[in-house]
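# Breakdown of the fold
Take a look at the letters that make up each chain.
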Amino acid sequence: MPTGYISIGSNIDKEVHIPSSLRALQAQFGDLTVSSIYESEPVGFSGDSFYNLVASFDSDLPAKAVAKLLRQIELDHGRSRDSQKFSARTLDLDLILYGSDIISDGRLRIPRDEIERYAFVLEPLAEIAPNETHPVCGRRFGELWDAFDKTLARQTKLGPAEY
């Protein structure tokens, strides 16, 4: 049964949407492993800061079915179907890893390239899965975080997520 990793972000009513999304994820997938919450500056636009974190779960669903469930949770939290990539949002749920799968199928791309590009994805992932290996580059997430240029990390670790 593969372990899935979801990058979670919100900068609109984030104190409401983050805990609510974790409850919705738990209702869908059961037990979650959840990173700390990181407050980070928006990337690619000006706006309110984001809360970002990563959650993992085990599932035997196909990755495409998981992505569809995540999209519905976003919509249930007020996310617009036509939201732009770099914009404010109530909730952003991205399936960034699914076991050792490598998938490029329409909009579904796993592993997501954001893992190696953005501190707000890599640091919480490395926190909960430091010894797991990136299926493409073969490096552990802890190693990737250690090598990451921290001058690009415009974020603050706030503490554990409560839900």
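## Some words on the overall build of the protein chain
Assigned secondary structure in the protein chain consists of 5 helices and 8 strands. For the protein chain, the sequential pattern of α-helices and β-strands runs β-α-β-β-β-α-β-β-β-α-α-α-β. Against the compact-globule benchmark of 15 Å for 163 residues, the protein chain has a radius of gyration of 15 Å, which places it among compact chains. On the principal axes, the C-alpha backbone points of the protein chain span a range of 35 × 35 × 30 Å. Sequence-distant contacts in the protein chain: of pairs separated by 6 or more residues, those separated by 24 or more amount to 66%. Accessible surface for the protein chain amounts to roughly 8,300 Å². Of this, 46% is attributable to carbon and sulfur atoms. Each charge class in the protein chain can be summarised by its mean position, and for the 18 positive and 25 negative side chains these summaries are 5 Å apart.

## So, the environment of aspartate 149
Assignment of secondary structure puts aspartate 149 in the loop between helix H5 (141-147) and strand S8 (155-160). Separated by 97 residues in sequence, aspartate 149 and asparagine 52 have C-alpha atoms that sit 18 Å apart. Within the structure, aspartate 149 has its side chain in polar contact with the side chain of threonine 151 (distance 2.5 Å).

## Topic: the packing of aromatic side chains
If you walk through the whole model with that rule in mind, you get 4 aromatic pairs. Members of the aromatic cluster, each reached through a chain of ring pairs, are Phe29, Phe57 and Tyr98. Against the face of tyrosine 51 rests lysine 14, its NZ or CZ located 4.9 Å from the ring centre. Its guanidinium or amino end placed over the ring of tryptophan 145, lysine 150 lies 4.4 Å from that ring's centre, counting from NZ or CZ.

## Details of the pairing of strand S4 (residues 50-58)
Among the 9 residues in S4, 8 count as buried, and that is most of the element. As paired strands, strand S2 (residues 33-34) and S4 are joined by 2 bridges and run antiparallel to one another. In the strand pairing of S4, threonine 33 is matched with serine 56. Bridge count for strand S3 (residues 36-40) against S4 is 3 bridges, and the pairing is antiparallel.

## A look at the layout of surface pockets
Empty space within the second largest pocket amounts to approximately 150 Å³. If you go around the second largest pocket, the residues you meet are Ser40, Glu41, Val43, Arg117, Tyr118, Ala119, Phe120, Thr151, Leu152, Ala153, Arg154 and Gln155. Class assignment for the residues of the lining of the second largest pocket results in 6 nonpolar, 3 polar and 3 charged.

## Describing the side chain of aspartate 94
Within the fold, aspartate 94 resides in strand S5 (residues 92-98). Aspartate 94 gets classed as buried once you look at its relative accessible area, which sits at 16%. A polar atom in the side chain of aspartate 94 sits 3.4 Å from the side chain of arginine 112. Residue contacts for aspartate 94: discarding those within four places in its chain leaves Tyr5, Ile6, Ser7, Leu70 and Arg112.

Parameters at a glance
- Residues numbered from 1 in each chain as written.
- Predicted model: local features only at pLDDT ≥ 70, side-chain atom pairs only at ≥ 80, totals over all residues.
- Heavy atoms only, no water.
- Helix = DSSP H or I, 4+ residues; strand = E, 2+ residues; numbered from the N terminus.
- Rg over C-alpha atoms; globule rule 2.2 N^0.38 Å.
- Contact = heavy atoms within 4.5 Å.
- Areas by Shrake-Rupley, 256 points an atom, 1.4 Å probe, with all protein chains shown as cover.
- Lys, Arg positive; Asp, Glu negative; His and termini not counted.
- Charge placed at Lys NZ, Arg CZ, Asp CG, Glu CD.
- Polar contact = N/O pair within 3.5 Å; in protein donor to acceptor, adjacent residues only side chain to side chain.
- Phe/Tyr/Trp six-rings, centres within 6.5 Å; stacked < 30°, edge-to-face > 60°.
- Lys NZ or Arg CZ within 6 Å of the ring centre and 35° of its normal.
- Buried < 20%, exposed > 50% of the residue type's maximum accessible area, 1.4 Å probe, protein only.
- Pairing = 2+ DSSP bridges.
- 1 Å grid on protein atoms, 1.4 Å probe; cavity = no way out; pocket = protein on both sides within 12 Å on 5 of 7 lines; lining within 4 Å.
- Points joined across faces, edges and corners; volume = space filled by probe spheres on them.
- Nonpolar A, V, L, I, M, F, W, Y, C, P; charged D, E, K, R; others polar.

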